Amino acid sequence: MQRDSFGSRFGALVVIAGSAVGLGNIWRFPYMAGTNGGAAFIILYLVFVALICFPCMIAELMIGRRSRSNAPTSLRALAPGRRAWDWTGKLFIIIPILVLSYYCVIGGVTMEFFTRSLGMNPPSGNWSPVVWTAVFLLATGLIVVFGVQKGIERFSKVMMPLLFIIVILIAIRALTLPVRPGAEYSAADGIAFLFRPDFSKIDGKTCLAALGQAFFSLSLGSGVLMTYGSYIRPHDNLAKTAGQIAFFDLLFAIIAGCAIIPAVFALKDNPLAILSDNTDSALVFNILPDVFPQMPLGSLVGAFFFFALILAALTSSISQFEVPVSYLVEEKGLSRTVACAAVFCIALVLGMACALRPKVMSAFDGLCANWLMPLGGLLALLFVGWVLTRGDLSDELSSGGTHKVGERFIAVLSFAIRYLAPVGVIAVFLSQLFS
Ligand code: PHE
């Protein structure tokens, strides 16, 4: 049977950007940037994406495309007979399942808020988070079961542009909110909060916050880029695709920032306290539902906002779901439908634990975002830098000689993959240990 692949380079671009653009961009980035020095944080973020995340993206995409198979099989095929890498491959099945199992809880909450923003009043009880989690997981599985091109790519091609348009419209609405009589702040102060560079805030902690944000936001170290890399057509340009995804992910985060932060400043009395207090998803789920109704056309804006959030979450959760599905199909010989059902059941059981026990959920999040994903990224870098050769790298960058790549670009990227990026990731690890 012929292996599925993305239909076009544009298809690959929107699908991978869909994985990258998610809840991380909408609630985490605006808050992170605002409280960590505004534009100074954004500059730092850019530097890290260029020096550490871009090489890591190339490494992961290239592992997948080189062997054209799921993540564990790729590592085994590219390093035959090396048991350690065989074991490492399993990690790239465990990580996306763990991420999926709490991501789908947040996705479910988003769906619940969406129905409320439409004026419906769904029954709520102790078990309702579990029911919403199941609904969100089911929606994810129903997209994945149709396959890479007919399910994932088709969904992303329609929904990503829609998501982009909605968020731009909400940003325009937020930026044009009138100043409230007697209010201390206005929407313009929100923009200043987000973009005024405050270089005095830059220290070791901010650097790490920027690197961690970049890692999570680009779905690095989770097996997703390897799996999606395996669906990129052999002649498509990997470096260009990776660069465009990183650019789009940041652009989206900035637009989402312009949609959220100015609204909080224009409509709330204590925006600074609200923003500096938010270390979790409270901004999106506690503050914003209360902010929207205060603005003209508020209920419409609120409904659109939660709809956009559902789209952003779904295009990310399908990527997490696809990683184990591709493994079960290719390695265990299951049909796609059975594989999807199996992943649904496993994620639902774990998701139930997260939905009913917030402590389990934050433990999963901490474990994945702070430890397992950077570890996965580090292993992918070491694999490409030290197991594969520079010839492999240049072959992938030129897509087997289809396009020209400068020797200097290959040399710089090879240095980044072998030394610079791994040292960067290890620095994050050490700082977590000692903080
Ligand atoms: N990048 C996604 C976001 O920003 C999260 C994600 C993590 C997606 C790991 C896939 C894998 O929300």
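Residues numbered from 1 in each chain as written. Predicted model: local features only at pLDDT ≥ 70, side-chain atom pairs only at ≥ 80, totals over all residues. Heavy atoms only, no water.

A. Spotlight on helix H7 (residues 148-175). Along its 28 residues, H7 runs 38 Å from first to last C-alpha, staying within 8% of the 40 Å computed at 1.5 Å per residue. Lys157 marks the point of greatest bend in H7, at about 25 degrees, and the proline Pro161 comes within the next four residues. (Helix = DSSP H or I, 4+ residues; strand = E, 2+ residues; numbered from the N terminus. Expected span 1.5 Å × (residues − 1). Bend = angle between axes of the 7 residues up to and from the residue.)

B. Examining the confidence of the model for the chain more closely. Overall, the predicted model of the chain reaches an average pLDDT of 91, with 98% of residues at or above 70. Between the elements of the chain, mean pLDDT differs from a low of 74, seen in helix H13 (residues 282-291), to a high of 98, seen in helix H10 (residues 224-229). (pLDDT = per-residue confidence, 0-100.)

C. Expanded view of the pattern of salt bridges. Tallying each qualifying case throughout the model produces 14 salt bridges. The residue Glu396 makes a salt bridge to Arg65 at a minimum N-O spacing of 2.7 Å. On the criterion of sequence distance, the pair formed by Glu396 in helix H17 (residues 390-397) and Arg65 in helix H3 (residues 39-67) is long-range, its members being 331 residues apart. Just as Glu396 is buried, Arg65 falls in that class too. Between Arg66 and Asp395 there is a salt bridge, with the nearest N and O atoms lying 3.2 Å from each other. In this pair, Arg66 is assigned in helix H3 and Asp395 in helix H17, connecting sequence segments 329 residues apart. On the basis of relative accessible area, Asp395 is assigned to the partly exposed category, the value being 30%. Put simply, Arg65, Arg66, Asp392, Asp395 and Glu396 are held in one network by salt bridges that share partners. (Salt bridge = Lys/Arg side-chain N within 4 Å of Asp/Glu carboxyl O. Buried < 20%, exposed > 50% of the residue type's maximum accessible area, 1.4 Å probe, protein only.)

D. Examining the site of the ligand more closely. Around the ligand, the structure places 16 residues, and the nearest of them are Ala20, Gly24, Tyr103, Phe216 and Ser217. Leu23 is positioned with one of its backbone polar atoms (N or O) 3.1 Å from an oxygen atom of the ligand. Contacts to the ligand include Tyr103, whose side-chain N or O atom sits 2.6 Å from an oxygen atom. Cavity membership is defined here by more than half of the atoms lying within 2 Å of grid points; on that basis the ligand lies in the largest cavity. Tallied by class, the residues present in the shell around the ligand amount to six nonpolar, 10 polar and no charged. (Near = heavy atom within 4 Å. Polar contact = N/O pair within 3.5 Å; in protein donor to acceptor, adjacent residues only side chain to side chain. 1 Å grid on protein atoms, 1.4 Å probe; cavity = no way out; pocket = protein on both sides within 12 Å on 5 of 7 lines; lining within 4 Å. Sits in = over half its atoms within 2 Å of the grid points. Nonpolar A, V, L, I, M, F, W, Y, C, P; charged D, E, K, R; others polar.)

E. Local environment of empty space enclosed by the protein. In this structure the tally under the stated criterion is two cavities of 30 Å³ or more. Counted as a void, the largest cavity has a volume near 150 Å³. What lines the largest cavity is a set of 18 residues, among which Ser19, Tyr103, Phe216, Ser219 and Gln320 lie closest to the centre. Elements supplying a minimum of two residues to the lining of the largest cavity: helix H1 (9-20), helix H2 (23-35), helix H5 (83-117), helix H9 (204-217) and helix H14 (298-332). Across the lining of the largest cavity, the residue classes break down as eight nonpolar, 10 polar and no charged. There is about 40 Å³ of room inside the second largest cavity. Forming the walls of the second largest cavity are Ile26, Val167, Ile170, Ala256, Ala259, Ile260, Phe305 and Ala308. Where the lining of the second largest cavity is concerned, the elements lending two or more residues are H7, helix H11 (238-267) and H14. Here the element with the most residues in the lining of the second largest cavity is H11; it accounts for three residues. Looking at the lining of the second largest cavity residue by residue, the classes come out as eight nonpolar, no polar and no charged. (Points joined across faces, edges and corners; volume = space filled by probe spheres on them.)

F. A look at the packing of aromatic side chains. Enumeration according to the criterion identifies 17 aromatic pairs in this entry. When the centroid spacing of 5.8 Å and the interplanar angle of 75 degrees are considered together, the rings of Phe6 and Tyr231 count as edge-to-face. Remark: Tyr231 occurs in the loop between H10 and H11 and Phe6 occurs in the segment before H1; sequence separation between them is 225 residues. The exposure class of Phe6 is buried, given its relative accessible area of 1%. Owing to a relative accessible area of 3%, Tyr231 belongs among the buried residues under this scheme. Here the aromatic cluster, defined as three or more aromatic residues joined through ring pairs, consists of Phe113, Phe292, Phe305 and Phe306. The ring of Trp87 has Lys90 sitting right over it, with the charged end atom 5.9 Å from the ring centre. A cation sits over an aromatic face here: Arg418 above Trp386, 3.8 Å from the ring centre. (Phe/Tyr/Trp six-rings, centres within 6.5 Å; stacked < 30°, edge-to-face > 60°. Lys NZ or Arg CZ within 6 Å of the ring centre and 35° of its normal.)

G. Highlighting the packing of H14 against helix H15 (residues 336-356). Viewed as axis vectors pointing N to C, H14 and H15 meet at an angle of 130 degrees, and their least axial separation amounts to 9 Å. When the axes of H14 and H15 are compared, the pair comes out oblique. Judged by the sense of rotation from one axis to the other, the crossing of H14 with H15 is right-handed. In this structure, H14 contributes Phe321, Glu322, Pro324, Val325, Leu328 and Val329 to the contact, and H15 contributes Arg336, Ala339, Cys340, Ala342, Val343 and Phe344. Taken together, the residues that form the contact of H14 with H15 break down as 10 nonpolar, no polar and two charged. (Axes fitted to C-alpha atoms, helices over the stretch in contact; angles between N-to-C directions. Parallel < 35°, antiparallel > 145°, perpendicular 65-115°, else oblique. Left-handed = near helix turned anticlockwise from the far one by under 90°. Contact = heavy atoms within 4.5 Å.)

H. Expanded view of the side chain of Ser319. Of note, Ser319 is situated in helix H14. Taking the relative accessible area as the measure of exposure, Ser319 reaches 2% and is therefore buried. A polar atom in the side chain of Ser319 sits 2.6 Å from the backbone oxygen of Ser316. Discounting residues that sit within four places of it in the chain, Ser319 has contacts with Ser19, Val224 and Tyr228.

I. Quick look at a nonpolar patch on the surface. On the surface, Ile43, Val47, Leu51, Phe199, Trp386, Phe415, Tyr419 and Leu420 cluster together into a nonpolar patch covering about 770 Å² of accessible area. Elements that contribute at least two residues to the nonpolar patch include exactly H3 and helix H18 (407-434). Here Phe415 is to be found in helix H18. (Patch = residues over 30% accessible without salt bridge, like charges linked within 9 Å, V, L, I, M, F, W, Y side chains within 5 Å. Areas by Shrake-Rupley, 256 points an atom, 1.4 Å probe, with all protein chains shown as cover.)

J. Focus on the nonpolar core. Counting 159 residues, the largest nonpolar core has Leu163, Tyr228, Phe305 and Phe321 as the members making the most contacts within it. The contacts of Leu163, once residues within four sequence positions are left out, are Val21, Phe252, Ala308, Leu311 and Ala312. (Core = buried A, V, L, I, M, F, W, Y, C linked by side-chain atoms within 4.5 Å.)

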